[in-house]
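So you can see what is in the structure, the chains are spelled out below.
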Amino acid sequence: MRLLTARFSRIAILLSLVMSAPLFSEDIEGDGWRFKSQFGLWFGPVTPVPGSALSNVLSTNIGGGTFIRMNIPSDDWLFETGLSYSYYTSNGPARLHAVPVYGAMNYRLPINLPLTFFAKAGAGATYVSAVPEDKENWHPTALLGLETSFPAGKWVNIGVRLDYYFVYEDYLTPPANVPNYQIANGHLFNFGLMVNFNVFR
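Described below are features of the structure shown in this document. These numbers come from a predicted model, not from an experiment. (Residues numbered from 1 in each chain as written. Predicted model: local features only at pLDDT ≥ 70, side-chain atom pairs only at ≥ 80, totals over all residues. Heavy atoms only, no water.)

## Looking at the overall build of the protein
Consideration 1: In terms of regular secondary structure, the protein is built from one helix and eight strands.
Consideration 2: Beginning at the N terminus, the succession of helices and strands in the protein can be written as α-β-β-β-β-β-β-β-β.
Consideration 3: Burial analysis of the protein (201 residues in total) assigns 36% to the buried set.
Consideration 4: For the protein, restricting intrachain contacts to residue pairs at least 6 apart in sequence, the fraction spanning at least 24 positions comes to 60%.
Consideration 5: With an accessible surface of roughly 11,200 Å², the protein has 65% of that area assigned to carbon and sulfur atoms. (Helix = DSSP H or I, 4+ residues; strand = E, 2+ residues; numbered from the N terminus. Buried < 20%, exposed > 50% of the residue type's maximum accessible area, 1.4 Å probe, protein only. Contact = heavy atoms within 4.5 Å. Areas by Shrake-Rupley, 256 points an atom, 1.4 Å probe, with all protein chains shown as cover.)

Structural data, given as C-alpha cells:
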C-alpha cells in the first residue's frame, strides 16, 4: 500500500508541475495562435468491453478521472495527459482496481456546430490490482477516445467523453504451479460526464 501511495504521489507532483507550466509561459503571437490549457474532471460508468474475457467475470461499475491538456502550435491539435481510477465488481469474489495513466493527442474535428468534438489516441500504462489473486502490476496501455463539449461561460466547458483502453497483458508468463491459468488482455470502456476549466487563455 505504501508503494502504491508513493507512486500516486509522484504522479500527482508531475501533473501539478505540468499544470503550473502555463503560468510561466508566454503567448506565441504573429499568426494569431495563443497558448491555451485546460484542466478537466470526469465521472461515470466503467465496464469491460462486452464479449471480452473480463466481461465474463466483471460487472459495470463507477469510475472517474482527471486530465490536463494544451494546444501545440495548432488550434486543431492538443496534447492531453491524465489518469483515472476504475473499480470493477462481480457476482463472486473477483474484484479489479485499474488506474490508467496516459498521454494522448487530441484532434478537433471540423464540425460546424456550437459543440466542440475531439478524437484522441494515445498510450501509457495501467496499474492493475486483482482480488482475490492479490496480484498487482503495471501493464502497457493504448487509448482511443471521443469527446464533445460546449462552453458554459468563459472559463468552463461541460460535455461527455468515451474512452477505450487496451491493456496489454499477453507478454506475461502464466504461473507454473497454477493449472489452466489463462492470461487475457484487458479491454475497458469508460463513459463519463465531464467538466473542463480553461486555466490559461
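Structure's up, so let's keep going.
## Focus on the pairing of strand 6 (residues 135–151)
Consideration 1: Pairing of strand 5 (residues 116–131) with strand 6 involves 15 bridges; the strand directions are antiparallel. Bridge pairing links Ala123 to Ala142 in strand 6.
Consideration 2: Count of turn residues in the strand 5/strand 6 antiparallel hairpin: three residues, of which Asp134 carries a positive phi of about 55°.
Consideration 3: When strand 6 meets strand 7 (residues 156–167), the two strands line up antiparallel, connected through eleven bridges. Note that in strand 7 the partner of Thr141 across the bridge is Val167.
Consideration 4: If you look at the hairpin formed by strand 6 and strand 7, you'll find four residues sitting between the two strands, and Gly153 has a positive phi there, around 110°. (Pairing = 2+ DSSP bridges.)

## Structural notes on the packing of aromatic side chains
Consideration 1: Counting across every chain of the model gives six aromatic pairs.
Consideration 2: Ring geometry for Tyr127 and Trp138: centres 5.6 Å apart, planes at 55°, overall tilted. Residue Tyr127 is found in strand 5, and its partner Trp138 is found in strand 6; the two are separated by eleven residues along the sequence.
Consideration 3: Given a relative accessible area of 3%, Tyr127 falls into the buried group.
Consideration 4: Members of the aromatic cluster, connected to one another through ring pairs, are Phe166, Tyr168 and Tyr171. (Phe/Tyr/Trp six-rings, centres within 6.5 Å; stacked < 30°, edge-to-face > 60°.)

## Describing the nonpolar core
Consideration 1: Core analysis: the largest hydrophobic core is formed by 17 residues, its most contacted members being Leu58, Tyr88, Leu96, Tyr102, Leu143, Tyr165 and Leu188.
Consideration 2: Tallying contributions element by element places strand 4 (residues 95–108) first for this core, with four residues.
Consideration 3: Ignoring any residue separated from it by four or fewer positions in sequence, one finds Leu58 in contact with Pro48, Tyr88, Thr89, Ser90, Ala94 and Leu96. (Core = buried A, V, L, I, M, F, W, Y, C linked by side-chain atoms within 4.5 Å.)

## Remarks on a nonpolar patch on the surface
Consideration 1: A cluster of nonpolar side chains, Ile111, Leu113, Leu115, Phe150 and Ile158, forms an exposed patch at the surface whose accessible area comes to about 400 Å².
Consideration 2: Along the polypeptide, Leu113 turns up in the loop between strand 4 and strand 5. (Patch = residues over 30% accessible without salt bridge, like charges linked within 9 Å, V, L, I, M, F, W, Y side chains within 5 Å. Salt bridge = Lys/Arg side-chain N within 4 Å of Asp/Glu carboxyl O.)

## Describing the sheet that holds strand 4
Consideration 1: Strand order in the closed barrel formed by eight strands is 1-2-3-4-5-6-7-8, with antiparallel pairing between adjacent strands. Adjacent strand axes in the sheet meet at a mean angle of 25° when their direction is disregarded. (Axes fitted to C-alpha atoms, helices over the stretch in contact; angles between N-to-C directions.)

## With respect to the pairing of strand 4
Consideration 1: Pairing between strand 3 (residues 77–88) and strand 4: ten bridges, direction antiparallel. Bridging from a neighbouring strand, Tyr87 pairs with His97 of strand 4.
Consideration 2: Two successive antiparallel strands, strand 3 and strand 4, enclose a turn made up of six residues.
Consideration 3: Sheet analysis places strand 4 next to strand 5, joined by 14 bridges and oriented antiparallel. Paired with Arg108 across the strands is Phe118, a residue of strand 5.

## Examining the pattern of salt bridges
Consideration 1: Applying the stated criterion across every chain yields a total of six salt bridges.
Consideration 2: Among the ionic pairs, Arg161 bridges to Asp163, the shortest N-O distance being 2.8 Å.
Consideration 3: The class for Asp163 is buried, based on a relative accessible area of 1%.

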